[in-house]
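Coordinate analysis (summary)
Listed below, chain by chain, are the residues.
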Amino acid sequence: MLRVPFSEMMDQFVRVLLGKGFTEERAQQCAALFAEASLDGVYSHGLNRFPSFIEYMDKGYIDIDAVPECIHSLGAMERWDGHLGPGNLNARLCMDRAIALAKQHGMGCVALRNTNHWMRGGSYGWQAVEAGCAGICWTNTMPNLPPWGSTERKLGNNPIVFAVPRAEGAIVLDMAISQFSYGQLNTKKLLGSQLPVDGGYDTAGNLTKDPSAILESGRPLPIGFWKGSGLALVLDLMAAMLADGHTTHEIGKLPVEHSVSQVFMAFDIGAFPNLDYINERIHEAILDLQGAAPLEEDSTIRYPGEDTLVRRQYNLEHGIPVEPSIWQQVTRL
């Protein structure tokens, strides 16, 4: 693996985006979301996803000039149309709006339709906590997950993010409803690595740790088996209902995944009078979690997002690890 400085990765992304017609401001914002994903260790939705993002633009599925538009307001809740603009820029703007509504009402909710892949969902959880808010957001996707008991892909893996602000380190859970996201499966395949636990089925219907076999069968395993299957469905329907947008079923009729529906929620915890007491209880809960007896002697118990800031600092100092072929692909764009 190569290691590339963060500033160099940013420069390459900005160069390509400017060449595609982005304004300087939007190129910087979009590039930062991609580069920061890789900086934090989410390589599958940072550098590794950038070439396909450019491909979607070239094919006309992403309108680089489109910006979201508020089409319906109900006080603390708003409905927006993304007009098929860049998915990460649309998501960033809508979480910003949810935060602004939360500062006004205590909580804010923005439902977004007709948008594109938001890339790293955790970016918008971190965005919320850095503004002093708790956050929840999720998106639906194309049909890429079989419902429990079926071999036919009818559900989306519908990533969801929960974010809890905390001075000692925010808790940010960013997860797909499949045991491993397609981005993770492709990254493992690229590296020639096996999954740590069974992640889906092969074409013969056997559980496997082989990412290539799962990608070939198109049968990733839902988290919690039938529970994950049910959760994927309700997340899809909630997003489509609140945004008046497409369901996974409708997205599956399109040539590629686009026009997805998303929800962004923020809660201004600073508005509560007993914030210090709440923070103390959260901190005690985390300390109790970390004090749990580990299964193996040299292992540690971690909360979601615990390693992110450490990995971020290490990659800033030593460079971001990249797969050489993907880096060369981006530098040639």
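Per chain, residues are indexed from 1 in the order of the written sequence. Since the coordinates come from a predicted model, pLDDT governs what is reported: local features require at least 70, and pairs of side-chain atoms require 80 or more to be given and counted, while whole-chain, interface and lining totals use all residues. Working from all heavy atoms in the structure, the side-chain values ignore hydrogens and water.

Strand pairing is assigned whenever DSSP detects at least two bridges linking the two strands. Each helix is a run of H or I in the DSSP string that is no shorter than four residues. Each strand is a run of E no shorter than two, and both are numbered from the N terminus. The seven strands lie next to each other as 2-3-4-10-5-6-7, forming an open sheet whose pairing is mixed. Each edge of the open sheet carries a strand with a single partner, namely strand 2 (69-74) and strand 7 (171-175). Strand-to-strand, the axes of this sheet are offset by a mean angle of 10°, without reference to chain direction. Taken together, the five bridges between strand 6 (residues 160-164) and strand 7 define a ladder with antiparallel strand orientation. Bridge pairing links F162 to L173 in strand 7. The convention used is that axes are lines fitted to C-alpha atoms, helices contributing only their stretch in contact, and that angles between N-to-C directions extend from 0 to 180 degrees.

With that settled, consider unusual backbone geometry. Even without a glycine there, the phi angle at N114 is positive, about 50°. By secondary structure assignment, the location of N114 is in strand 4 (residues 107-115). The phi angle at D244 is positive, at roughly 55°, despite the residue not being glycine.

Mapping E257 onto the fold places it in the loop between helix 9 (248-251) and strand 10 (260-268). Note on exposure labels: buried denotes an accessible area under 20% of the residue type's maximum, exposed denotes more than 50%, and partly exposed covers the range between, all computed with a 1.4 Å probe on protein chains only. Think of it this way: Lys and Arg go in the positive column, Asp and Glu in the negative one, and His and the chain ends go nowhere. Basic side-chain nitrogens of Lys or Arg form a salt bridge, by our definition, when they fall within 4 Å of a carboxyl oxygen of Asp or Glu. There is no salt bridge for the buried E257, and the closest opposite charge comes from R49, which lies 5.9 Å off by N-O distance. Whenever two N or O atoms come within 3.5 Å, that pair is a polar contact, provided that in protein one can donate a hydrogen and the other can accept it, and provided that, for residues adjacent in sequence, both atoms are side-chain atoms. A distance of 2.8 Å separates the side chain of E257 from the backbone nitrogen of M142, its partner in a polar contact. Other than its neighbours up to four places away in sequence, E257 contacts Y56, N116, H117, T141, M142 and I251. Residue contacts follow a heavy-atom distance rule, with two residues in contact if any of their heavy atoms lie within 4.5 Å.

This next bit is on the environment of L235. Residue placement: L235 occurs in helix 8 (residues 226-243). Take L235: its relative accessible area is 8%, and that puts it in the buried class. When the C-alpha positions of L235 and V164 are compared, they lie 20 Å apart, and in sequence the two are 71 residues distant. In contact with L235, not counting residues within four places along its chain, are W138, N158, I160 and I177.

In this section: the packing of aromatic side chains. Here is the rule: rings of Phe, Tyr and Trp (six-membered ring for Trp) pair when centre to centre is within 6.5 Å. Planes less than 30 degrees apart are stacked, more than 60 are edge-to-face, and the remainder are tilted. Applying the stated criterion across every chain yields a total of twelve aromatic pairs. Seen in terms of ring centroids, W148 and W226 are 5.8 Å apart; in terms of plane orientation they differ by 65°. Their pairing is edge-to-face. With W148 in the loop between strand 5 (133-139) and strand 6 and W226 in helix 8, this residue pair connects regions lying 78 residues apart in the sequence. Residue classification places W148 among the partly exposed residues on the basis of a relative accessible area of 39%.

Tracing the backbone through its elements, the reader meets S181 in the loop between strand 7 and helix 6 (182-191). You can call S181 buried: its relative accessible area is 11%. Ignoring anything within four residues of it in the chain, the contact list for S181 reads H45, N157 and A176.

Now for the pattern of salt bridges. Close approach of charged atoms allows side chains of opposite charge to pair. The full count for this structure, using the stated rule, is twelve salt bridges. As a salt-bridge pair, R97 and E78 come within 2.8 Å of each other at their nearest N and O atoms. Of this pair, R97 sits in helix 4 (residues 87-105) while E78 sits in strand 3 (residues 77-81), and the two are 19 residues apart along the sequence. Take R97: its relative accessible area is 29%, and that puts it in the partly exposed class. Taken together, the shared-partner salt bridges connect D40, R120 and R312 into one network.

None of this, on its own, says anything about what the molecule does.
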